[in-house]
Amino acid sequence: MVKKLYIKTYGCQMNVYDSERMAEALGDRYEPTDRPDDADMILLNTCHIREKAAEKVYSELGRFKGLKAAKPDLKIGVAGCVAQAEGAEIVRRQPMVDLVVGPQSYHRLPELEARAGAKTPAIDTDFPEEDKFAHLARRPKAARGPTAFLTVQEGCDKFCAFCVVPYTRGAEVSRPAETVLAEARDLVERGVREITLLGQNVNAYHGHEGGLAGLIRALAGIDGLARIRFTTSHPNDMDEALIAAHGDCEKLMPYLHLPVQSGSDRILKAMNRKHRAEEYLRLVERLRAARPDLLLSGDFIVGFPGETEADFADTMALVEAVGYGQSYSFKYSPRPGTPAAEREQVDEDVKDERLQRLQALLNRQQEAAQAAMVGREVSVLFEKPGRLPGQMGGKSEYLHAVHVHAPGVARGEIRRVRITESASHSLGGVLVP
Ligand code: SAH
Ligand code: SF4
Ligand code: F3S
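Here is what the cut-offs are and how they apply
Residues numbered from 1 in each chain as written. Chains lettered and ligands numbered in written order. Predicted model: local features only at pLDDT ≥ 70, side-chain atom pairs only at ≥ 80, totals over all residues. Heavy atoms only, no water. Salt bridge = Lys/Arg side-chain N within 4 Å of Asp/Glu carboxyl O. Helix = DSSP H or I, 4+ residues; strand = E, 2+ residues; numbered from the N terminus. Pairing = 2+ DSSP bridges. Core = buried A, V, L, I, M, F, W, Y, C linked by side-chain atoms within 4.5 Å. Buried < 20%, exposed > 50% of the residue type's maximum accessible area, 1.4 Å probe, protein only. Contact = heavy atoms within 4.5 Å. Near = heavy atom within 4 Å. Nonpolar A, V, L, I, M, F, W, Y, C, P; charged D, E, K, R; others polar. 1 Å grid on protein atoms, 1.4 Å probe; cavity = no way out; pocket = protein on both sides within 12 Å on 5 of 7 lines; lining within 4 Å. Points joined across faces, edges and corners; volume = space filled by probe spheres on them. Axes fitted to C-alpha atoms, helices over the stretch in contact; angles between N-to-C directions. Phe/Tyr/Trp six-rings, centres within 6.5 Å; stacked < 30°, edge-to-face > 60°. Lys NZ or Arg CZ within 6 Å of the ring centre and 35° of its normal. Domains from an automatic or database assignment. Buried area = accessible area lost by both parts, 1.4 Å probe. Parallel < 35°, antiparallel > 145°, perpendicular 65-115°, else oblique.

A look at the pattern of salt bridges
For the coordinates displayed, the defined rule picks out 41 salt bridges. Asp311 serves as the salt-bridge partner of Arg266, at 2.6 Å between the closest nitrogen and oxygen. Of this pair, Arg266 sits in helix H12 (residues 265-270) while Asp311 sits in helix H14 (residues 309-322), and the two are 45 residues apart along the sequence. Between Lys351 and Glu348 there is a salt bridge, and its shortest N-O distance comes to 3.4 Å.

Next comes the structure, spelled out in structure tokens:
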């Protein structure tokens, strides 16, 4: 009998991609279920980026205690960045865990699964030499939705002073272009029209001549693939070729996630970001010269150790100067093993108050960017039916969610839409005849 697998995914898009591939790796033994109480195996694909994210794992595991008591054969596994960071410690804190697997060892999952449930838990948090993607089972030839993630680069060599990723994901590795292109063609054959290339530092990709820009141009040659996106980029790896691609590669969408974290040179230096605020602003200018309608999104950290009111004011000023269409902002969270965790910390209420001010500004900018779409024509890739009869929902080039009364329009179609209204987190529009 085929068993049932429940996977819960936390953290970034790379975890979403990894969860898909893990499910496929176990594909001949398990079929997916979205109900944990139905499952023969529960896998939590975890995130270690902030304390809250990491602690969620233990509260979630606590919720499964009853299930495990009722069904002793149930296997419980922890994958992802908490697995990498904490390894055997997870089993010490939560002895019902049968399996711990780090992000670089997913291809060993079937073997670990077979071992798990015996008296000793199966733990693998190596950084093996072999390429896990090459060893992971191929995706079965099942139909896919119109959009897909595709990891092309993993790991990070940047060592920002706040960040766990270089420790949990290891050194930067690029997948060879041939395997990326083959996977992309396979996705397109199965109905995918938009691919988002993923990497912790995706613009440092070097598996193709000409780097990420070279890969994007090669992907653009695939018939049937209509849209290409990539995330996440470090400002220092945004080279001339990639800026130019935003100007002249039609399939590359006019949306760029370009985290800056802070607008203060002092704090950028303390964070080890290796650029100044002014350089970021010049980069944004060059990108907008290449693609004037580019919608920018960013990540921000407030309350990094040493951040003064003046430093925070520099962040607010940078945000004012750039004008973001979308953004993610966080209170600094000290992470074990990272340099900044050892430094003198900013008070929690100061962090709270700064986060509120920053988010108020970012929200205003997001609303303004959406409102500016009203009256404009965009193209929408339709992904799923909306809540109202005849309604379809999809994304514009700018990654705005758009709802349209569009009876007869199928998933995966791209249609011109005139935007007529802006709601809190989506746009409404009508099909252009
Ligand atoms: N590779 C990406 C970021 C990956 S982590 C980059 O270089 O931009 C995603 C975001 O989480 C970061 O951009 C940062 O804003 C936030 N983040 C990372 N570590 C954090 C920490 N210790 N506390 C608060 N936010 C953090
Ligand atoms: Fe973390 Fe910095 Fe690497 Fe991004 S570039 S993953 S923030 S260390
Ligand atoms: Fe989290 Fe790991 Fe992604 S720490 S953000 S799941 S790379």
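Still more to cover.
Notes on the pairing of strand S19 (residues 427-431)
In this sheet, S19 lies alongside strand S17 (residues 401-405) in parallel orientation, the contact comprising three bridges. Directly across from Val404, in S19, lies its bridge partner Gly429. Here strand S18 (residues 414-422) folds back onto S19 in antiparallel fashion, the turn holding four residues.

What about the nonpolar core?
Formed by 73 residues in total, the largest nonpolar core has its most connected members in Leu197, Phe230 and Tyr324. When residues no more than four places from it in sequence are discounted, the contact partners of Tyr324 are Val260, Tyr280, Leu296, Ser297, Gly298, Phe300, Leu318, Val319, Leu362, Gln365 and Gln366. Among the nonpolar cores identified, the runner-up in size contains 22 residues, and Tyr10, Leu44, Phe64 and Val78 belong to it.

Thoughts on the site of ligand 3
Around ligand 3 lies a shell formed by Cys12, Asn15, Thr46, Cys47, His48, Ile49, Cys81, Arg169 and Gln200. Per-class residue counts for the shell around ligand 3 are four nonpolar, four polar and one charged.

Focus: the layout of surface pockets
When its volume is computed, the second largest pocket comes out at roughly 300 Å³. The wall of the second largest pocket is formed by 16 residues, among which Gln104, Pro128, Glu130, Asp131 and Val173 lie closest to the centre. Taken together, the residues that form the lining of the second largest pocket break down as six nonpolar, three polar and seven charged.

As for the sheet that holds strand S12 (residues 255-257)
Pairing within the open sheet is parallel, and its three strands lie in the order S12-S13-S14. Both edges of this open sheet fall to S12 and strand S14 (326-331), since each of them pairs with a single strand only. Across the sheet, the axes of successive neighbouring strands diverge by a mean angle of 10°, strand direction being ignored.

Some thoughts on the packing of aromatic side chains
Overall, the coordinates contain four aromatic pairs when judged by the stated rule. Ring centres 5.2 Å apart and planes at 85° place the aromatic pair Phe300 and Tyr324 in the edge-to-face group. Placement of the pair is Phe300 in strand S13 (residues 295-302) and Tyr324 in the loop between H14 and S14, with a sequence separation of 24 residues. Of the two residues examined, Phe300 and Tyr324, each falls in the buried class. Ring plane angle 70° and centroid distance 5.4 Å describe the contact between Phe304 and Tyr332, whose orientation is recorded as edge-to-face. Note that Phe304 is positioned in the loop between S13 and H14 and Tyr332 in the loop between S14 and helix H15 (348-371), a separation of 28 residues in sequence. Each residue in the set Phe162, Phe304 and Tyr332 is aromatic and connected to the rest through ring pairs, giving one cluster. Over the aromatic face of Phe330 sits the side chain of Arg50, whose NZ or CZ is 3.6 Å from the ring centroid. Against the face of Tyr58 rests Arg93, its NZ or CZ located 3.6 Å from the ring centre.

With respect to the domain arrangement of the chain
One widely used convention gives an interface's size as the accessible area the parts lose upon coming together. Considered domain by domain, the chain is made up of domain 1 (3-124), domain 2 (138-253), domain 3 (261-275 + 286-372) and domain 4 (377-431). When each unit is reduced to the centre of its C-alpha atoms, the spacing between domain 2 and domain 3 is 25 Å. In this assembly, 17 residues from domain 2 lie in contact with 21 residues from domain 3. Interface of domain 2 and domain 3: buried area, both sides summed, is about 1,600 Å²; carbon and sulfur atoms make up 60% of it. Between the two partners, domain 2 and domain 3, sit one salt bridge. Across the salt bridge formed by Arg286 and Glu240, the nearest N and O atoms sit 2.9 Å from each other.

Examining the packing of helix H10 (residues 211-220) against helix H11 (residues 240-248)
Interhelical geometry of H10 versus H11 gives an angle of 30° and a closest axis separation of 7 Å. The orientation of H10 relative to H11 falls into the category roughly parallel. Judged by residue contacts, Leu212, Ala213, Ile216 and Arg217 of H10 engage Ala241, Leu242, Ala244, Ala245 and Asp248 from H11. Here the residues of the contact of H10 with H11 sort into seven nonpolar, no polar and two charged.

Structural notes on the side chain of His48
Here His48 lies in the loop between strand S3 (41-46) and helix H2 (51-63). Contacts of His48, omitting those with residues within four sequence positions, involve Ala54, Cys81, Val82, Ala85, Glu86, Val164, Thr168, Arg335 and Pro336.

Looking at the pairing of strand S16 (residues 391-396)
Burial of S16 is extensive: five of the six residues sit out of reach of the surface. Summarising the sheet, strand S15 (residues 377-385) and S16 pair through five bridges and their orientation is antiparallel. In the sheet register, Lys384 faces S16, and the bridge partner there is Gly393. Hairpin connection of S15 to S16: five residues between the antiparallel strands, including Gly390 at a positive phi of 80°.

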